[in-house]
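Fold and contact review
So you can see what is in the structure, the chains are spelled out below.
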Amino acid sequence: MGMREWLLLLLLSVLWGGSFFFFKVLVAELPTLTIVFTRVLLAGVVLHLVMLARREAMPSSAQLWRSFFVMGLLNNVLPFVMLVWAETKISSGLASILNATTPVFSVLAAHFFTTHEKLTWNKGAGVLFGLLGVLVLIGPSILVNAGGDQLLPELACVMTAVVYSLAGMYGRRFRAIPSLTVATGQLTASTVMLAPLALLVDRPWQLPNPSAHAWSALICLAVFSTALAYIIYFRILAVAGATNVMLVTLLVPVSAILLGVLILNESFTAQALAGMLLIGLGLTAIDGRLPAAIRSRLAHANR
């Protein structure tokens with residue numbers, strides 16, 4: 001990756017880390033389904049406008065649109081709903097750390113559902129460190145309900161990572177389709193799926209008018225943390241590949257934690273730090289480049 005790609009990667013981590021911050025602001029005023037529906041609706045509109053400006057048309061294939069609906073369910077509807085609901089109970093920093101285990105579950109999914117991406121020693125070590133980090137974060141509440149009402153939200157964040165990994169597996173079928181088209185299609189499908197749920201469950205017309213802070217958070221969440229983030233993500237993916245873009249998972253919790261501590265006055269415990277370090281160590285092992293560089297230097301020093 002060149003300097004431009006590294007800067008884009010840093011910007012992407014801030015945008016996605018900011019989504020956890022915006023969730024925390026919004027759950028104080030709006031119900032979960034309304035937040036998620038508004039996010040995908042506004043982001044989808046923005047991406048449709050981008051496609052219109054580029055004079056690109058959406059496909060009309062019914063089979064492809066069925067795939068967009070499945071992708072939207074796995075990549076937007078389920079994970080967004082679980083994350084927003086989880087942040088009604090736990091801090092944005094903790095939610096972001098647990099969600100950072102997505103590559104860990106992606107490695108496991110690839111091992112069981114593909115024939116050419118089996119576990120290696122470094123990936124296996126990464127999975128173990130990542131899962132250990134999750135256990136440290138959740139703590140004894142996974143065995144006994146010592147964490148009170150935090151256990152289910154924490155498990156929801158872990159399930160979000162699992163669903164994201166399945167979305168990554170399913171998304172491989174879109175390799176021949178422009179990335180902007182896939183992003184726009186899945187957000188459009190997500191909007192269609194969420195509209196009746198938000199209307200029937202939340203009855204948004206009966207809700208109090210959101211404050212200016214909530215509206216600002218909604219717009220920033222949709223425009224910057226979703227639409228712009230997708231554009232940057234696919235830019236890095238096209239130039240530097242999937243392995244490089246995965247590095248963003250190491251940076252997102254840092255952005256989310258800093259925003260939570262500095263603006264929302266959330267606490268950052270030693271337990272959270274230990275869990276984040278273990279997950280970071282696991283992701284580094286899965287990525288493989290740092291261990292390879294260390295082995296190379298040691299071999300060179302021993303010559």
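Just so it is clear, the structure is predicted and the values come from calculations on it, not from any experiment.

Quick look at the overall build of the protein chain now. Looking only at helices and strands, one finds 13 helices and 0 strands in the protein chain. Along the chain direction, N to C, the helices and strands of the protein chain fall in the order α-α-α-α-α-α-α-α-α-α-α-α-α. Here the C-alpha atoms of the protein chain give a radius of gyration of 19 Å, agreeing with the 19 Å that 2.2 N^0.38 yields for 303 residues. In terms of overall dimensions, the protein chain has a C-alpha envelope of 70 × 50 × 35 Å along the principal axes. Restricting the contact set of the protein chain to residue pairs at least 6 apart, pairs at least 24 apart contribute 86%. Total accessible area on the protein chain stands at roughly 15000 Å², and carbon and sulfur atoms take up 69% of it. Across the protein chain, the centroid of the 18 positively charged side chains sits 13 Å from that of the 10 negatively charged ones.

Now for the packing of aromatic side chains. Tallied over the entire structure, the rule returns 6 aromatic pairs. On the basis of an interplanar angle of 85° and a centroid distance of 5.1 Å, the ring pair of tryptophan 65 and phenylalanine 68 is categorised as edge-to-face. One end of the pair, tryptophan 65, and the other, phenylalanine 68, are both in helix H3 (residues 62–86), 3 residues apart, so they sit about a helical turn from each other. Owing to a relative accessible area of 21%, tryptophan 65 belongs among the partly exposed residues under this scheme. Ring geometry for tyrosine 170 versus phenylalanine 174: centroids 6.2 Å apart, planes at 70°, classification edge-to-face. Judged by relative accessible area, which is 17%, tyrosine 170 ranks as buried. With relative accessibility at 4%, the residue phenylalanine 174 sits in the buried group.

Take a nonpolar patch on the surface next. A contiguous nonpolar surface patch, about 720 Å² in accessible area, is contributed by Val254, Leu258, Val261, Leu262, Ile263, Phe268, Leu273 and Leu277. Of all the elements in the fold, those that place two or more residues in the nonpolar patch are helix H11 (248–263) and helix H12 (270–287). Among the elements that take part in the nonpolar patch, H11 stands out by supplying 5 residues, more than any other. Residue placement: leucine 273 occurs in helix H12.

The rules we used
- Residues numbered from 1 in each chain as written.
- Predicted model: local features only at pLDDT ≥ 70, side-chain atom pairs only at ≥ 80, totals over all residues.
- Heavy atoms only, no water.
- Helix = DSSP H or I, 4+ residues; strand = E, 2+ residues; numbered from the N terminus.
- Rg over C-alpha atoms; globule rule 2.2 N^0.38 Å.
- Contact = heavy atoms within 4.5 Å.
- Areas by Shrake-Rupley, 256 points an atom, 1.4 Å probe, with all protein chains shown as cover.
- Lys, Arg positive; Asp, Glu negative; His and termini not counted.
- Charge placed at Lys NZ, Arg CZ, Asp CG, Glu CD.
- Phe/Tyr/Trp six-rings, centres within 6.5 Å; stacked < 30°, edge-to-face > 60°.
- Buried < 20%, exposed > 50% of the residue type's maximum accessible area, 1.4 Å probe, protein only.
- Patch = residues over 30% accessible without salt bridge, like charges linked within 9 Å, V, L, I, M, F, W, Y side chains within 5 Å.
- Salt bridge = Lys/Arg side-chain N within 4 Å of Asp/Glu carboxyl O.

Read these as geometric descriptors, not functional statements.
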